[in-house]
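Take a look at the letters that make up each chain.
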Amino acid sequence: MSATQKVRDRVSELVDLINKHRASYYQSNTSLISDADYDKLMRELEQLESKHPELITGDSPTQTVGGEVSQTFAPVQHLERMMSLDNVFSEEELDAWLEKAGGGPFLCELKIDGLAINLRYKNGELISAATRGDGSVGEDVTRNVMTVKGIPHSLSGKNHPEVVEVRGEVFYSLEDFAKLNQSLIDAGKPPFANPRNSASGSLRQKDSSVTASRPLQMIVHGIGAWVDTSVVSQSELYAHLKSWGLPTSNRYKVLKTAKEVKQYINDFEAKRHSLEHEIDGVVIKIDELARQASMGFTSRAPRWAIAYKYPPEQVNTRLLDIRVSIGRTGRATPYAVLDPIKVAGSVVEFATLHNQEVVVAKGILIGDTVVLRKAGDVIPEILGPVVALRDGSEKKFVMPKVCPDCGSKLAPAQEGDVDLRCPNAKSCPAQLRERIAYIGSRAALDVEALGFVTAVALTQPLEPKTPPVQSEADLFSLTLEDLLPIRSVVVDADSGAPKRDAEGKQKVVEYFRKKDGTPATVATKLLEELEKAKSQPAWRVLVSLSIRHVGPVAARSLMNSFGSIEKIFAASEQELADVDGVGAVVAATIKEWIEIDWHQEIVSAWKKAGVNFTQEISSSGEGVFSGLSIVVTGTLENFTRDQAEEEIISRGGKAASSVSKNTAFVLAGANAGSKLAKAEALGVEVIDEAEFAKRIG
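Every chain's residues receive numbers from 1 upward, in the order its sequence appears when written. Given that this is a predicted model, residues contribute local features only at a pLDDT of at least 70 and side-chain atom pairs are listed and counted only at 80 or more, while totals for whole chains, interfaces and linings are drawn from all residues. The basis for every side-chain value is the complete set of heavy atoms in the structure, and neither hydrogens nor water enter the calculation.

### Some words on the packing of aromatic side chains
Only Phe, Tyr and Trp rings take part, Trp by its six-membered ring, and two of them pair if their centres are within 6.5 Å. Stacked means planes under 30 degrees apart, edge-to-face means over 60, and tilted covers everything else. Considering all chains together, one arrives at 13 aromatic pairs under this definition. Ring centres 5.6 Å apart and planes at 80° place the aromatic pair Phe639 and Phe692 in the edge-to-face group. Taken together, the residues span a long stretch of sequence, with Phe639 in the loop between strand S19 (629-633) and helix H22 (641-650) and Phe692 in helix H24 (residues 689-695) at a distance of 53 residues. Considered together, Phe639 and Phe692 belong to a single accessibility category, that of buried residues. Site record: aromatic cluster; members linked through ring pairs are Phe625, Phe639, Phe665 and Phe692. For Lys271, the ring lying beneath its charged end belongs to Phe268, and the centroid distance is 5.2 Å. The rule is short: NZ of Lys or CZ of Arg within 6 Å of the ring centre and within 35 degrees of the ring normal puts a charge over the ring. In this structure, Arg556 packs its charged tip against the face of Trp539, placed 4.2 Å from the ring centre. By the criteria applied, helices consist of DSSP H or I runs no shorter than four residues and strands consist of E runs no shorter than two, each listed in order from the N terminus. Relative accessibility thresholds used throughout: buried, under 20% of the residue-type maximum; exposed, over 50%; partly exposed, between the two (1.4 Å probe, protein chains only).

In structure tokens, the structure reads:
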């Protein structure tokens, strides 16, 4: 076959494949592949057609907008064609577009991942609403749109144009998407794979009462048919639309320079996980309408606008299995085993599923193609299944009745608990492994060489058969002689699953010694770090004991009230409960914990090894943050979260774990997430790291 024929066949294959996915996306509300994979196909087709323009056909996706119009709804002819947007994926591609655009001012706005809609108003009254369809003809969804709160049936003000088309995006908030899927599963119906599909599926219902029951929202981002020579810019147009009572965004900005545009893009990439809805990028438009008109359109998109797409954080992959891991307090947590796939800069093989009810709530089956979301450093999450790809071989997950690591019967810790737990706290190898790893974490003693893989080697080695650490009591008495004989299976740090070589065999290593028998760096480093950990603040030691509910906040409060771990254990339950931030439940848990013999052995062994059990009691209420409740969230540059919280507490404040109306302010770093969103919703002050540094002097 000639090279020309190969290109011709590939172009034909791409056209058919992309059109198939378009039909599924626009007509069936289903994404058979991820947006990132779709974009790759489109870019390949664009590049081939650019080199071989003679192969461009009328049905090529590069020449058309959206998909075909379905037969479910009556067709509606748009008065002015609804275009798509061209995309750029890098700063270099953005620079090329900005250079062609010839300078600002630019209007920048968020690219909401929803369903494009066209509203037609006649003399201020809504007379029709239609989907984009193929750009020229859409689907009549007027009755359904009439039920969407926030879309006015009559425009505010006076002197409305005889006819105007208003374009925007209908979407689901992330919170409402989760609630919708839960309600569908409760009703025995398949869930949606992502918020965009849920918006499309909800708006394209035959029964408008179904649409009315779903909390859809809309943001307006332009107009179709309307000429008003008095409006000279996109931003002025938005102000006009807002005055008519239409839902406009408060996040758009008019910017003069390319540098400002890039800063806007970077700012919202950092904030994207704290928004109430999904975005997949930023749209940049020439603000002046006259310049827009002079730049014109291609066959499918305006030349005066571009979408800068963020790196994909959602992909489709196969759910190979669902297994259960046991945590340090015995909690049994299902996790997904995935066909490995790269997303948000890393290869993902596992995703947490929290508990058996979450598995049911997501409506996923083993064998499903699922939508996986990984937002930056956030733990990978399965959003839902791609139901359209099921072939009948999928099967339901059944929560095991016994612990997979020790065989003990799983049961709720107390009546009404959703989570199941393994009661064998002392002898369950998984619980010990997790508790040892937790001791090394930043939340506890921050032992650099004591991560999850090292914890496995210490508690579950292949050799010697008797592990050197059989309880936390053994940790601070470790020697090189204990470490050097250890041979261990290499495990995944997220799931604990054994890693395997190309032949499928488990990887086994001489973990603490080199090939010549001398100590490896990890061995000497571990012993040095354990020695340093003995001098950590006593509240960290208390956290390291893995007493249920006793985290950093409660531990600090307890140590600040009693001054030593021995005094905490000697206090009455009521005395413990009276400590701010502790309460009756935590107090009861502490008293139950210390009454167990092998727990007392840990305390005794650590004290004998020289671990710090005391700290100075500071006067309460003193300092610049006296009496203030402060929340730290996101990734900071110059502080760990623990360090920032220590600064707050040492100055009389309370380091709270959740945002409420009583929160004084939120210290927000990068990827702040839902706590930042809640603070903004409640009107709580949000400060950055630089401002925090000023306040602590």
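### Focus on the sheet that holds strand S22 (residues 685-687)
Picture the strands of a sheet paired through backbone hydrogen bonds; they go either parallel or antiparallel. With parallel pairing, four strands are arranged side by side in an open sheet as S20-S19-S21-S22. The outermost strands of the open sheet, each flanked by one partner alone, are strand S20 (654-656) and S22. Averaged over all neighbouring strand pairs, the angle between strand axes comes to 30°, with direction disregarded. For S19 and strand S21 (residues 665-668), the ladder comprises four bridges, and the chain directions are parallel. The residue bridging Thr633 from the neighbouring strand is Ala668, located in S21. Residue contacts are defined here by distance: any two heavy atoms, one from each residue, within 4.5 Å place the two residues in contact. Axis lines are fitted through C-alpha atoms, for helices just across the contact stretch, and the angle between N-to-C directions can take any value from 0 to 180 degrees. Packing against the sheet, H22 makes contact with S19, S20 and S21, and its axis sits at approximately 165° to S19. Only strands that DSSP links by at least two bridges are regarded as paired with each other.

### Quick look at the environment of Ile18
Note on placement: Ile18 falls in helix H1 (residues 3-27). Residues Ile18 and Met42, 24 residues apart in the sequence, show an inter-C-alpha distance of 7.4 Å. If we skip the residues at most four places from it in the chain, Ile18 touches Tyr38, Leu41, Met42, Leu45 and Pro61.

### A few points about unusual backbone geometry
Pro105 follows Gly104 through a cis peptide bond whose omega is 5°. Pro464 follows Glu463 through a cis peptide bond whose omega is -5°. Inspection of the secondary structure assignment puts Pro464 in the loop between helix H13 (452-459) and helix H14 (480-483). Within the chain, Asn159 stands out as a residue other than glycine whose phi angle is a positive 55°. Backbone geometry places His549, a non-glycine residue, at a positive phi of 80°. Mapped onto the secondary structure, His549 falls in the loop between helix H16 (538-544) and helix H17 (552-562).

### What about the sheet that holds strand S16 (residues 381-385)?
One open sheet accounts for five strands, arranged S14-S13-S12-S15-S16; its pairing is antiparallel. Two strands bound the open sheet, and with one partner strand each, they are strand S14 (346-352) and S16. Taking each pair of neighbouring strands and ignoring which way they run, the sheet shows an average axis angle of 45°. Two elements, strand S13 (residues 332-343) and S14, share six bridges in a ladder whose sense is antiparallel. Its bridge partner lying in S14, Lys342 is registered against Val347.

### A few points about helix H5 (residues 174-186)
Helical geometry: 3.6 residues make up each α-helical turn, so side chains three or four residues apart lie on a common side. For a helix, the expected span equals 1.5 Å multiplied by the residue count minus one. The end-to-end C-alpha separation of H5 is 19 Å, in line with the 18 Å expected for 13 residues at 1.5 Å each. All buried positions along H5 are accounted for by Asp176, Phe177, Leu180, Asn181, Leu184 and Ile185. Where H5 is buried, its residues touch helix H6 (195-203), strand S8 (217-223), helix H11 (356-362) and S16.

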